[in-house]
Amino acid sequence: MSEHAASPPAPERFRRASAGALPVAFMGGGILCLAIALAWGLAAERQQFAHSWLCGFMYCFTICAGSLFWVLLHHAVDANWSVVVRRLFETVASLFPYLALLFVPLLFCLPDLYRWLTLDPHADHALAHKSPYLNKGFLLVRLGFYFLYFTFAATLFRTKSVMQDQTGDPRLSLSMRRWSNGLILLFAISITFAGFDLLMALDHTWYSTMWGVYIFAGSALSSMALAILLTFLLRGSGYFKGVLTVEHNHIMGKLLFAFTVFWAYIGFSQYMLIYYSNIPEETLFFLRRNTGSWLYLSLFLVVGHFILPFLLILTQPAKRDGRRLLFAACWLLFMHAVDMFWIVAPSLQAYRDLAAGGHGDTTGFAIHPLDVLCLLGFVGILAALFLRNLEKFDLFPSRDPRLMESITLKN
Amino acid sequence: MADGTAIPTHPEAHLVARQPLVLNRRPMAWITDHVARIVEDKSKMWWWIATLIAGSIAALVPIQLVYLVSTGVGVWGLNHPVGWAWDITNFVFWIGIGHAGTLISAILFLTRQRWRTSINRSAEAMTIFAVICAGIFPAFHVGRLWMVWFLAPAPNANVIWPNFKSPLLWDVFAVSTYFTVSLIFWYIGLIPDFATIRDRAKDPIRKFIYGLLAVGWRGSNRQWSHYEKAYLVLAGISTPLVLSVHSVVSFDFATSVIPGWHTTIFPPYFVAGAIFGGFAMVLTLLIPCRWLFGLQDLVTTKHIDNMCKIVLLTGTIVGYAYMMELFIAWYSGNPYEWHAFLRNRIADPYIIGPAAGVPPAPYWWAYWSMMFCNVIVPQFFWFKPCRQNAWLALILVMGPNIGMWFERFVIIVTSLHRDFMPGAWGHFVPTINDILLFSGTIGLFVFLFLLFVRFFPMITMFEVKAVLPEADPHHHPAPRPDAGHNAGAIQADVRSILGARDAKAKGGRA
């Protein structure tokens, strides 16, 4: 409120030294994991490697895309609460250029992921129909567009935001608001079609109009969970004193809760409508994930991604109590990895079965060491890069015109 | 959330200053007086004329229903294969309208959007009237109205239960829950304001009636504490209803295997469409009302601007859903699905039809009216002048008002009129009874709303007062720089303060 607005806090910088050996451990561990995965996978387990890499990649891709969404939303609706945490979202979203680099190995294994690339369109009726969209050239053009868009948008907002740290010019806020309007439209298109191309097209015969929304729901949820985790870690290291308050826990907890429910709503609607109508070309997606021990993972997803966090952060005290919120955020970050695994891993079994002349049946839940290595590798490298980038600029937009509104937030 | 707060150091800080939610620094007494006077003063001539016209149109509802029940459902234009047409279109249309009220009262409350305070009461009232209009259609579609209780989950004469696997039964639950919760929510919010009217009343009959409605409200701390808790709980209960009601309505279609109906994006797409149509209707009602009652300081340009933005957002989400449906209809490679879109909906006689080499779809005009009204028209709200000029906004929201009706018509009739079997194809033409009954519900809706604005406080007085700067416990009143400019308003304030009988009982919390 205005009566507190007298003295904005001094700008803060993150010092990597305060994280001790963590950045080095992250980077070293990450590189090691991915190097082993690359060497082992490309030499012996190419198809498994491609799927594991995609799973780790999509985990980070969706979190970065979600972070960009929160930046875009902040500007589009002229929000005030999120000013103090916006720099964290901006910095996570700015990892897109690195993600683009980390996608390169997949370019060499696309046929190991997408069976439609190995098929002759004249021999496959479904592919023949879709080939104007599903062809390698157009796929590469689209992939280029996604990376270009995400990199451009993330860089644009961080550059302008950092510029405002120097000048405090409110016209930069207005400029970002204007940019956010157009870019949020492109965001919807990009994340939808990236979801179609990278995940839905793992089986080119399957389709769901809800797919883009499902991927978006997971992105927004997991990126909010990451932001909660980051604010806790940074506060624990002595940053954000007098800037981040319990009110920010509360509002981020509300959004985490809202998107937990939204994810479940979207996931349930998609499942229910396909289950109820029982059309074979649609049910195959869920049949593959309900076969054998996959059923237990599917049920775990329902309980772990929705019921548990729902009960955990339903009440107001839970959102304001740091430990419970932190636990929910970490748990949801884990469940998001489970969700990505649940999407990608059964596709590999189906692919192998189809290639062997079967109907694309799955055998049962199985984790390959490459799955773990790739996920840890991606998270490690990107976490180290995040810490390096976080050091470069102020920890929060120190001269944003709405900074004091954000600090003095009341729920 | 402070309004007008910005770090004052930068010379351009005014560019991002927040606009106040109540203009001209109106004091609390002015708000009470101005809102309560609508209920207390004699009805204006325009109100009598408007109510007479709307009431006359509303009379079509009982007339048409008596004719329908005494003659049979055949008086509507339903046929084989179009067994659902205007009745379900109108049902979904009216149910959707209500969603804006629930969103404003529940979700905007939970997210602490303080601008909701000036518009929530009338939007909630609109919700209830819209659900009343909606309920007429399925109730009478059963044909024999005295059998309508078969819809309820009770064994009938032959001990047959309704089919719990049917989304139509879920509709019964969803809509009745929706109506009940909305009514309770609305009424609870009205109680403190009813008490204000009661306390201001000079006429003993008025005092008695509003006293009954205020159920003994005295504005004590304990009552406020209970009130706030109840309101929060009801907001929590209402929030899932915003999503669930129209999701269940969408299941009526999407659980089937009818091309054009069965698509997984239907639930959120229907919800977005409902909020879209609902906000368009809130604007349609409030823009004339604020002008007729001189409420521009309470329902400000900022309120209109925000609502236009929600119309733009939800309209664009609806546009996204249309695109997804079209893309997946093609991508799926399902010939029936693509047929439903290309040959039953989008192929017009001029551009797409000839380009695709297919004959024009019988209802192409309905599809493209929907596209134009729902996707193209709201895009004007990207431009500030379109959001800031209330009358221009009023013209533009006619797009969603019309377009959302067409959307339901397109979904329902274009998918049904051409069955899987070409021999069973048909065409739907509404009868005069279809048209008159729908017109009647529009009249009924407007009629009920006119009664509401006349007899109930149409703006939540005590909540608007709570968002005034002086309601903040830390507020330090500054001298009014516009005193000379605004002398008339201040004189009016002084008059209303002096004329107020008991300032304490005005329901204000501050």
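Residues numbered from 1 in each chain as written. Chains lettered and ligands numbered in written order. Predicted model: local features only at pLDDT ≥ 70, side-chain atom pairs only at ≥ 80, totals over all residues. Heavy atoms only, no water.

*Asks:* What is the right way to read the overall build of chain B from this model?
*Replies:* Broken down by element type, chain B carries 18 helices and zero strands. Relative to the globule expectation of 24 Å for 510 residues, the C-alpha radius of gyration of chain B, 25 Å, shows essentially globular dimensions. Taken along its principal axes, the extent of the C-alpha atoms in chain B is 80 × 60 × 40 Å. The 510 residues of chain B split such that 55% are buried. Across chain B, contacts joining residues at least 24 apart in sequence account for 78% of those joining residues at least 6 apart. About 21200 Å² of surface is accessible on chain B, with carbon and sulfur atoms providing 71% of the total. Where the 37 positive side-chain charges of chain B centre and where its 27 negative ones centre are 7 Å apart. (Helix = DSSP H or I, 4+ residues; strand = E, 2+ residues; numbered from the N terminus. Rg over C-alpha atoms; globule rule 2.2 N^0.38 Å. Buried < 20%, exposed > 50% of the residue type's maximum accessible area, 1.4 Å probe, protein only. Contact = heavy atoms within 4.5 Å. Areas by Shrake-Rupley, 256 points an atom, 1.4 Å probe, with all protein chains shown as cover. Lys, Arg positive; Asp, Glu negative; His and termini not counted. Charge placed at Lys NZ, Arg CZ, Asp CG, Glu CD.)

*Asks:* Help me out: how do you make sense of the side chain of Ser-256 of chain B in this one?
*Replies:* Following the sequence through the fold, Ser-256 of chain B ends up in the loop between α8 (221–254) and α9 (266–292). Note on Ser-256 of chain B: relative accessible area 18%, which makes it buried. Ser-256 of chain B has contacts with Ser-277 of chain A together with Trp-261 and His-262 of chain B, leaving out every residue within four places of it along the chain.

*Asks:* Sorry if this is basic, but what is going on with the packing of aromatic side chains here?
*Replies:* Geometry of an aromatic ring pair is reported as the spacing of the ring centres plus the angle between the planes. Scanning all chains against the criterion turns up 105 aromatic pairs over all chains. Considering the side-chain rings of Tyr-133 of chain A and Phe-327 of chain B, the 5.1 Å spacing of their centres and the 65° angle between planes classify their relative orientation as edge-to-face. Of this pair, Tyr-133 of chain A sits in the loop between α6 (125–130) and α7 (136–167) while Phe-327 of chain B sits in helix α10 (residues 301–331), each in a different chain. Across the pair, exposure class does not vary: Tyr-133 of chain A and Phe-327 of chain B are buried alike. Look at Phe-216 of chain A and Phe-262 of chain A: their rings are 6.5 Å apart centre to centre, the planes differ by 75°, and that puts the pair in the edge-to-face class. In this pair, Phe-216 of chain A is assigned in helix α9 (residues 211–236) and Phe-262 of chain A in helix α10 (residues 246–277), connecting sequence segments 46 residues apart. By relative accessible area, Phe-216 of chain A is classed as buried at 17%. (Phe/Tyr/Trp six-rings, centres within 6.5 Å; stacked < 30°, edge-to-face > 60°.)

*Asks:* Explain the confidence of the model for chain B to me, please; I cannot follow it from the model alone.
*Replies:* Interpretation of the predicted coordinates at a detailed level should be avoided for regions scoring low in pLDDT. Residues and elements named next belong to chain B. Of all residues in chain B, 92% attain a pLDDT of 70 or more, and the chain-wide mean is 90. Note that pLDDT drops below 50 for residues 1–7; the model gives that stretch 25 contacts with residues more than four away or on any other chain. With pLDDT under 50 throughout, residues 500–510 is counted as low confidence; its partners more than four residues away or in other chains account for 24 contacts. (pLDDT = per-residue confidence, 0-100.)

*Asks:* Where do I start with α10 of chain A in this structure?
*Replies:* Structural remark: α-helix, 3.6 residues per turn; residues separated by three or four positions point the same way. Residues and elements named next belong to chain A. With 32 residues, α10 should cover 46 Å at 1.5 Å per step; its first-to-last C-alpha distance of 46 Å lies within 8% of that length. Among the 32 residues that make up α10, 23 are buried, leaving the element largely enclosed by the rest of the structure. Immediately downstream of α10, the backbone of Asn-278 shows phi near 60°, a positive value. (Expected span 1.5 Å × (residues − 1).)

*Asks:* What exactly am I supposed to notice about the interface of chain B and chain A here?
*Replies:* It is common to give the size of an interface as the accessible area lost on bringing the parts into contact. Listed per partner, the contact involves 45 residues of chain B and 58 residues of chain A. The largest share of the area that chain B buries against chain A comes from Val-16, Thr-264 and Tyr-331 of chain B, three residues that together contribute 16% of it. Summed over the shared surface of chain B and chain A, the number is three salt bridges. The residue Arg-18 of chain B makes a salt bridge to Asp-78 of chain A at a minimum N-O spacing of 3.1 Å. Here chain B is connected to chain A by 19 residue pairs in polar contact (both at pLDDT 80 or more). (Buried area = accessible area lost by both parts, 1.4 Å probe. Salt bridge = Lys/Arg side-chain N within 4 Å of Asp/Glu carboxyl O. Polar contact = N/O pair within 3.5 Å; in protein donor to acceptor, adjacent residues only side chain to side chain.)

*Asks:* Can you walk me through the pattern of salt bridges in this structure?
*Replies:* Any two side chains of opposite charge can pair, so long as their charged atoms come close to each other. Residues and elements named next belong to chain A. Following the criterion strictly, the structure yields 30 salt bridges over all chains and no others. For the salt bridge of Glu-90 with Arg-86, the shortest nitrogen-to-oxygen distance reads 2.9 Å. Of this pair, Glu-90 and Arg-86 both sit in helix α3 (residues 83–93), four residues apart, which is roughly one turn of that helix. Overall, Arg-86 belongs to the buried group, its relative accessible area being 1%.

*Asks:* Sorry if this is basic, but what is going on with the environment of Phe-61 of chain A here?
*Replies:* Structurally, the position occupied by Phe-61 of chain A is in helix α2 (residues 46–76). Expressed as a C-alpha distance, the spacing of Phe-61 of chain A and Leu-233 of chain A, which sit 172 residues apart in the sequence, is 22 Å.

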